[in-house]
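Here are the chains, one letter per residue:
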Amino acid sequence: MIRMLVPLGVFLGLVALLLISLPTAEQRRQVTSPLVGREVPNFTLPGLHDPDVMRSTADLRGQPFLLNVWGSWCFSCRVEHPYIERLGREAGVPLVGFNWRDERGEALEWLGRFGDAWTFHMVDFEGRAAIDLGVYGAPETFLVDHRGIIRHKHIGPVDQVVFDDLMRRILEMRTEAGS
Amino acid sequence: MKLFPFAGPALGAAGLALSLLLSAPIGAQSEAPASEPPGQEQPGATRPIEQGRMGGMISPIEPLPFRSELERRRFKALTNELRCTVCQNESLSESTAPLARDLRMEVFGMLQDNRSDMEIRQFMVDRYGDFVLYRPPLAGHTVLLWGGPLLLLIGGLISAVVVIKKRRQAL
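Residues numbered from 1 in each chain as written. Chains lettered and ligands numbered in written order. Predicted model: local features only at pLDDT ≥ 70, side-chain atom pairs only at ≥ 80, totals over all residues.

1. Digging into the overall build of chain B
Right, on to step 1. A count of helical and extended segments in chain B gives five helices and zero strands.
Right, on to step 2. Counted from the first residue to the last, chain B has its helices and strands arranged as α-α-α-α-α.
Right, on to step 3. Among the 171 residues that make up chain B, the fraction classed as buried is 22%.
Right, on to step 4. Partitioning the intrachain contacts of chain B with sequence separation of at least 6 by distance along the chain shows that 62% fall at a separation of at least 24. (Helix = DSSP H or I, 4+ residues; strand = E, 2+ residues; numbered from the N terminus. Buried ≥ 20, exposed ≤ 12 C-beta atoms within 10 Å, placed from the backbone. Contact = placed C-beta atoms within 7 Å.)

Right, dumping it as structure tokens:
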């Protein structure tokens, strides 16, 4: 009789295993970039409004900043745009736009229509700097501290919850930079 | 020793359970950021055809100006074992995603710069994590992944021997 319960026991074990492992699959998908905790890659790119000005991530050393990957072709960037504007106004740190694989004309038109709260933009037309940043898609938002270490990366659009979380992290970084 | 009537199915089920348990680290490897996260987008279809560094469109079938047959083979091997980071289970060589195209060009450029296969793989891992490798490295968290099949084989052989011996005795 007890022997007949063995397959049942194995079955229940399986069920338990699946109950434990399946919900965490979603978390695993959200795995962070290997770049988090490392220094932000150094690259120099032209500006968007000012194509003649070359800007480098190294110029920002010494202060925390936000880097937001966007493109005029990216609908989700339009969705998150109100929150990006708020970050630009309220975060108190530079908000760098990383204009990824875009056309200058379309990008400028997009900014004209929706608003430009970024401190400045860097244009990566060929997408090579994006590879160094480990960009998967747009939008993505990076938090870099005053030592140039990438502290956090958010994949996907910013909403109210993400905005609050980002603001909290930025405050932390600002406190660190100040002390 | 008496014949254990449920030995076969029970061992089979145990094997299945074990393999599922072992697949946990596999899942961690392969599922990482497998799909595009909700709301994220790829540059792409509506845009004009991108000009690669070689001045032409880079697609899986596009012939690249390799310097030798060996280089062409290395390119093929590398792009076959590197995962396209934005697609579901496609290698870099198969994918038509713009990012995959960029990454193929990056691999091609590194080959032109005489970088080793190791260096090229490391370049990708530094940016996208172990997830880009179809063959993850042997490390602490992947020991079960690599050793699991061997464990299952040994377990299966042992149970087969035990079952066969019991049946012999029962005859």
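2. Let's talk about the sheet that holds strand E7 (residues 150-155) of chain A
Residue and element names in this part refer to chain A.
Right, on to step 1. Strand order in the open sheet made by the five strands is E5-E4-E3-E6-E7, with mixed pairing throughout. With partners counted over all chains shown, the strands left at the sheet margins are strand E5 (120-124) and E7, one partner each. Ignoring strand direction, the axes of neighbouring strands in this sheet form an average angle of 20 degrees.
Right, on to step 2. Across five bridges, strand E3 (residues 65-70) lies against strand E4 (residues 95-100) in parallel orientation. Across the sheet, residue Trp70 finds its bridge partner in E4, namely Asn99. (Pairing = 2+ DSSP bridges. Axes fitted to C-alpha atoms, helices over the stretch in contact; angles between N-to-C directions.)

3. Let's talk about unusual backbone geometry
Right, on to step 1. A cis amide bond links A:Ala138 with the next residue in sequence, A:Pro139, at an omega value of -5 degrees.
Right, on to step 2. As for its position among the elements, A:Pro139 is in the loop between helix H4 (128-132) and strand E6 (140-144).
Right, on to step 3. Although it is not a glycine, B:Asn114 adopts a positive phi angle of roughly 60 degrees.
Right, on to step 4. By the element assignment, B:Asn114 lies in the loop between helix H3 (98-112) and helix H4 (117-128).

4. Points about the pairing of E4(A)
Residues and elements named next belong to chain A.
Right, on to step 1. With respect to burial, E4 is a largely interior element, six of its six residues being buried.
Right, on to step 2. Burial of the side chains of E4 extends over both faces: Leu95, Gly97 and Asn99 are buried on one face and Val96, Phe98 and Trp100 on the other.
Right, on to step 3. The parallel pair E3 and E4 is bridged by helix H2 (residues 75-90), and the resulting crossover is right-handed.
Right, on to step 4. Note: E4 against E5, five bridges, orientation parallel. When the sheet's bridge partners are listed, Gly97 is paired in E5 with His121. (Right-handed = clockwise from strand over helix to strand, strands pointing away.)

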